[in-house]
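Chain by chain, the residues:
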Amino acid sequence: MLADLIPAFKPLRTFLAAGLALCAAACSEGRGGPLPYNMSMAPPDAPTIQALETNYRIAPLDKLEIKVLKMTDLSGDYNVDLAGNISMPLIGEVRALNLTTAELDSQLSAKLGEKYLENPDVSIGIKESTSRVVTVDGAVREPGAFPTIGPTSLMRVVALAKGVTEDANPRRVAVFRTVSGQRQGAAFDLVSIRQGQSPDPQLYPGDIVVVDGSGIKQAYRTFMQSFPLLAIFGPL
């Protein structure tokens, strides 16, 4: 009798084996990556009062308002990506990082004037500055830039982004900050923070938070993996 039943159990064994394999793969999501965990975070550079129209240096994830006279298809809001670039019709990707609005104006005018427009009239304004917000991106429900006046915490800003998504890896959350003019980064484990096993790190305006997850775009993965292992909230 038992011998007769063994063939019938083969599909079940195959199904269970596949399920265990999938579970093992899912459960392997945890800590990792090149950034050190739970490091003591130095406060960011003190904000300086400056006229954004002339002296402000464009930073990753800033939102720019670009107007090209009589060209509605080119005019609009443009987000600076994590690598410091913007992408515009006709001319494609343009480097904006660390430029003033006047410098970027000259660069865009030159590129548009090379092939497409005669004496283009370009004006640029800073619509949103990451120096006044904490930016949350990656595997969260509502990524965005959240205004903050003073220090806050990692758990609070993730809550502002409506929490992590189903495909998020809450054990691998990167925080990037500028200290002494240098971009620095470290990783944190939200699960340990929620359980009281790790402190909830203090965040400041200008910080960028990226929650890892299977749905994160390759650009973010590349950005997160580009920091050397020796950087323990030191220069990167």
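Just so it is clear, the model here is predicted, and its values are computed rather than measured. (Residues numbered from 1 in each chain as written. Predicted model: local features only at pLDDT ≥ 70, side-chain atom pairs only at ≥ 80, totals over all residues. Heavy atoms only, no water.)

### Quick look at helix α2 (residues 101-115)
No. 1: For α2, built from 15 residues, the straight-helix expectation of 21 Å at 1.5 Å per residue is met to within 8% by its first-to-last C-alpha distance of 22 Å.
No. 2: Residues of α2 that are buried: Thr101, Leu104, Asp105, Leu108, Ser109 and Leu112. Seen along its axis, α2 keeps its buried residues to an arc of 135°; they face one direction. (Helix = DSSP H or I, 4+ residues; strand = E, 2+ residues; numbered from the N terminus. Expected span 1.5 Å × (residues − 1). Buried < 20%, exposed > 50% of the residue type's maximum accessible area, 1.4 Å probe, protein only. Arc of directions from axis to C-beta.)

### A word on the side chain of Thr135
No. 1: Its place among the elements puts Thr135 in strand β6 (residues 133-138).
No. 2: Since its relative accessible area comes to 5%, Thr135 is described here as buried.

### Concerning the sheet that holds β6
Backbone-to-backbone hydrogen bonds pair the strands of a sheet. The strands run either parallel or antiparallel.
No. 1: Taking strand neighbours across the sheet as the criterion, the five strands line up as β7-β6-β12-β9-β10 in an open arrangement whose pairing is mixed. What marks the edges here is a single partner per strand, and that holds for β7 (144-147) and β10 (182-188). With strand direction ignored, the average angle separating the axes of adjacent strands in the sheet is 20°.
No. 2: The sheet contact formed by β6 and β7 spans four bridges and is antiparallel. From the neighbouring strand, Thr135 faces β7, where its bridge partner is Ala145. (Pairing = 2+ DSSP bridges. Axes fitted to C-alpha atoms, helices over the stretch in contact; angles between N-to-C directions.)

### Topic: the environment of Arg171
No. 1: For Arg171, the position within the fold is in strand β9 (residues 168-179).
No. 2: Remark: the alpha-carbon pair of Arg171 and Ser192, spanning 21 residues in sequence, is separated by 7.8 Å.
No. 3: Polar contacts involving the side chain of Arg171 include one to the side chain of Asp189, which spans 2.8 Å. (Polar contact = N/O pair within 3.5 Å; in protein donor to acceptor, adjacent residues only side chain to side chain.)

### Some thoughts on the pairing of strand β3 (residues 85-88)
No. 1: Where β3 lies against strand β4 (residues 92-95), four bridges are found, and the strand directions are antiparallel. Note that in β4 the partner of Ser87 across the bridge is Glu93.
No. 2: As consecutive antiparallel partners, β3 and β4 are separated by three residues, and within that stretch Leu90 has a phi angle of approximately 75°, a positive value.

### Digging into the nonpolar core
No. 1: Counting residues in each nonpolar core, the largest one holds 27 residues, and the members touching the most others are Val136, Leu154, Val157, Leu190, Leu203, Val209 and Val211.
No. 2: Looking at this core, the elements with two or more residues in it are β6, α3 (154-160), β9, β10, α4 (190-194) and β12 (208-213).
No. 3: For this core, the leading source of residues is β9, giving five residues.
No. 4: Those residues in contact with Leu154 that lie beyond four places of it in its chain are Val173, Val175, Phe188, Leu190, Ile193, Asp200, Pro201, Leu203 and Val209.
No. 5: Formed by 22 residues, the second largest nonpolar core is a distinct cluster that contains Ile66, Val80, Leu99 and Ile124. (Core = buried A, V, L, I, M, F, W, Y, C linked by side-chain atoms within 4.5 Å. Contact = heavy atoms within 4.5 Å.)

### So, the pattern of salt bridges
No. 1: The tally for this structure, following the rule as stated, stands at six salt bridges.
No. 2: Of the charged contacts, one joins Lys63 and Glu128 as a salt bridge, the two residues approaching to 3.9 Å between their closest N and O atoms. Linking Lys63 in strand β1 (residues 63-68) with Glu128 in strand β5 (residues 122-128), this pair joins segments that are 65 residues apart in sequence.
No. 3: Exposure remark for Lys63: the relative accessible area of 22% places this residue in the partly exposed category.
No. 4: On the basis of relative accessible area, Glu128 is assigned to the partly exposed category, the value being 36%.
No. 5: For Asp189, the salt bridge goes to Arg171, with nearest N and O atoms at 2.8 Å. Taken as a pair, Asp189 in the loop between β10 and α4 and Arg171 in strand β9 lie far apart in primary sequence, 18 residues in all.
No. 6: What makes Asp189 buried here is its relative accessible area of 1%. (Salt bridge = Lys/Arg side-chain N within 4 Å of Asp/Glu carboxyl O.)

### Considering the environment of Pro151
No. 1: Counting through the fold element by element, Pro151 comes out in the loop between β7 and β8 (152-153).
No. 2: Once the C-alpha coordinates of Pro151 and Gln202 are considered, the two residues, 51 residues apart in sequence, prove to be 6.4 Å apart.
No. 3: Those residues in contact with Pro151, other than ones at most four positions away along the chain, are Gln202, Leu203 and Tyr204.

### A word on unusual backbone geometry
No. 1: The phi dihedral of Lys70 falls on the positive side, at around 65°, and the residue is not glycine.
No. 2: For Lys70, the location among the structural elements is in the loop between β1 and β2 (76-79).

### Some points on the confidence of the model for the protein chain
No. 1: Per-residue pLDDT for the protein chain has a mean of 77; in total, 68% of the residues score no lower than 70.
No. 2: Confidence drops under a pLDDT of 50 for residues 1-28, and excluding neighbours within four residues, the segment shows one contact in the predicted structure.
No. 3: In this model residues 228-236 is a low-confidence stretch, pLDDT under 50, and it forms 27 contacts with partners more than four residues away in sequence or in other chains. (pLDDT = per-residue confidence, 0-100.)

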